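So the chains spell out like this:
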Amino acid sequence: MPDASADLGSTLGALAVAFVLVTLVAGTLLDFNWTQAVLLGGFAGAVAVASAWLTARRAGDD
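Residues numbered from 1 in each chain as written. Predicted model: local features only at pLDDT ≥ 70, side-chain atom pairs only at ≥ 80, totals over all residues. Heavy atoms only, no water.

Quick look at helix 2 (residues 34-60)
Right, on to step 1. In this model helix 2 runs 39 Å from its N-terminal to its C-terminal C-alpha over 27 residues, within 8% of the 39 Å that 1.5 Å per residue would give.
Right, on to step 2. Considering only its buried residues, helix 2 is in contact with helix 1 (8-29). (Helix = DSSP H or I, 4+ residues; strand = E, 2+ residues; numbered from the N terminus. Expected span 1.5 Å × (residues − 1). Contact = heavy atoms within 4.5 Å.)

What about the side chain of Thr23?
Right, on to step 1. Along the chain, Thr23 turns up in helix 1.
Right, on to step 2. From its side chain, Thr23 meets the backbone oxygen of Phe19 in a polar contact 2.6 Å long.
Right, on to step 3. Leaving out residues up to four positions away in the same chain, Thr23 has contacts with Trp34, Ala37, Val38 and Gly41. (Polar contact = N/O pair within 3.5 Å; in protein donor to acceptor, adjacent residues only side chain to side chain.)

So, in structure tokens, the structure goes:
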């Protein structure tokens, strides 16, 4: 059975990029207040981490 964990670098990278991009776009361009923007960024970061984990898992199934 393959190891289903993504490496730490890609996971943290996906989290940071998604959080920063979504937070900045929501807070500046979409005119959300900053609390809402940070919450949206956190949700996007969690989705990005899940995506990185699933991608690594699928790559191991080849």
